[in-house]
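Commentary on secondary and tertiary structure
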Amino acid sequence: MLDTIRKNGVRLALFAAVTTGLTAVINTVTRPTIAHQTAVQQKILLDQVVPPEKYNNVMQDECYVVTDSALGNDKPHRLYVARKDDRPVAAALETTAPDGYSGAIQMLVGADFQGKVLGVRVVEHHETPGLGDKIDLRISDWITAFSGVQLDGAQDTHFAVKKDGGDFDQFTGATITPRAVVNAAKRATLLIETLPEKISALPVCGDANE
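Residues numbered from 1 in each chain as written. Predicted model: local features only at pLDDT ≥ 70, side-chain atom pairs only at ≥ 80, totals over all residues. Heavy atoms only, no water.

Side note on the side chain of H125
- Relative to the helices and strands, H125 resides in the loop between β5 (117-124) and α2 (176-193).
- In terms of polar contacts, H125 uses its side chain to reach the backbone amide nitrogen of E127, at 3.0 Å.
- At 3.4 Å, the side chain of H125 and the side chain of D136 are in polar contact.
- Among residues more than four places away in sequence, those in contact with H125 are A104, I105, D133, I135 and D136. (Helix = DSSP H or I, 4+ residues; strand = E, 2+ residues; numbered from the N terminus. Polar contact = N/O pair within 3.5 Å; in protein donor to acceptor, adjacent residues only side chain to side chain. Contact = heavy atoms within 4.5 Å.)

Right, dumping it as structure tokens:
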């Protein structure tokens, strides 16, 4: 009986060791592929909010961390700087719309430093299917209406949904969601305008304080 238990214990230990080793090998082999695919998807998203013809640096390599309540919370948000011949010309900034109908909406806003929105994308949301989910490019092209819009300061009444006197369409039966996205895009664009003088002082992505 004891020999049987001992043998089973040895088998289980060997099985656990082999499984752990195999998992480690698979993780090591697939890590570069996963990292590459992540970088590719990130580049695609950045190019949707900052058109690639506007810059010639590698935006992913110039990543900073911004913490500002204007971005919807006090958490760190990533900022990617676009440069043309080493001159900063635009940026893509992560932001949060905390007041979505079904919770926070995570976004990426691209703008130049003169207040022109270059693109906006929603990267995560929990809005109601068939109503608020029209902020998702996979569902509707509504989000593309931001591209090329000039924001003329914090008091620009055009940068709002039509129900609030602005230019952006709201959705039938769902005003809260588009209003939250428009307001978050406005706040992020205003913040981007202030950044050229501050970039060198911002913490770099990957630092311990991120």
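There's plenty left to go through after this.
Description of the nonpolar core
- Counting 37 residues, the largest nonpolar core has L79, M107, F146 and V181 as its most contacted members.
- When contributions to this core are tallied by element, the ones reaching two or more residues are β1 (63-66), β2 (77-84), β3 (87-100), β4 (103-112), β5 and α2.
- With 8 residues, the top contributor of residues to this core is α2.
- Those residues in contact with L79, other than ones at most four positions away along the chain, are E62, C63, Y64, V66, A91, A92, L93, L195 and L202. (Core = buried A, V, L, I, M, F, W, Y, C linked by side-chain atoms within 4.5 Å. Buried < 20%, exposed > 50% of the residue type's maximum accessible area, 1.4 Å probe, protein only.)

A few points about α2
- With 18 residues, α2 extends 26 Å between its outermost C-alpha atoms, agreeing within 8% with the 26 Å of an ideal straight helix rising 1.5 Å per residue.
- Residues T177, P178, A180, V181, V182, A184, A185, K186, A188, T189, L191 and I192 constitute the buried set of α2.
- Those residues of α2 that are buried lie in contact with β1, β3, β4 and β5. (Expected span 1.5 Å × (residues − 1).)

Looking at the state of the cysteines
- Summed over the entire model, instances satisfying the criterion amount to 1 disulfide.
- One disulfide in the model links C63 with C205; its S-S distance is 1.9 Å. An S-S torsion of about -60 degrees defines the bridge between C63 and C205 as left-handed. Of the two residues, C63 is situated in strand β1 and C205 in the segment after α2; the sequence distance between them amounts to 142 residues. Take C63 and C205: they sit in the same class, and that class is buried. (Disulfide = S-S within 2.5 Å.)

Things to note about unusual backbone geometry
- In this model, D85 sits at a positive phi of 55 degrees, which is unusual for a non-glycine residue.
- Considering the arrangement of structural elements, one finds D85 in the loop between β2 and β3.
- A residue is classified by how much of its surface remains accessible, and D85, at 61% relative accessible area, is exposed.
- The phi dihedral of D86 falls on the positive side, at around 75 degrees, and the residue is not glycine.
- In this structure, D86 sits in the loop between β2 and β3.

Brief notes about the sheet that holds β2
- Taken in spatial order, the 5 strands make up an open sheet running β1-β2-β3-β4-β5, and their pairing is antiparallel. Edge positions in the sheet fall to β1 and β5, since each of these pairs with one other strand and no more. Pairs of neighbouring strands in the sheet enclose a mean axial angle of 30 degrees, with direction left out of account.
- Where α2 meets the sheet, it contacts β1, β3, β4 and β5, and its direction lies at approximately 145 degrees from that of β3. (Pairing = 2+ DSSP bridges. Axes fitted to C-alpha atoms, helices over the stretch in contact; angles between N-to-C directions.)

Remarks on the pairing of β4
- The buried count for β4 comes to 7 of 10 residues, which makes it a mostly enclosed element.
- Where β3 lies against β4, 9 bridges are found, and the strand directions are antiparallel. By the bridge assignment, A90 is partnered in β4 with D112.
- Linkage of β3 to β4, two consecutive antiparallel strands, is achieved through a turn of 2 residues.
- In this sheet, β5 lies alongside β4 in antiparallel orientation, the contact comprising 6 bridges. Bridging across to β5, Q106 finds its partner in E124.

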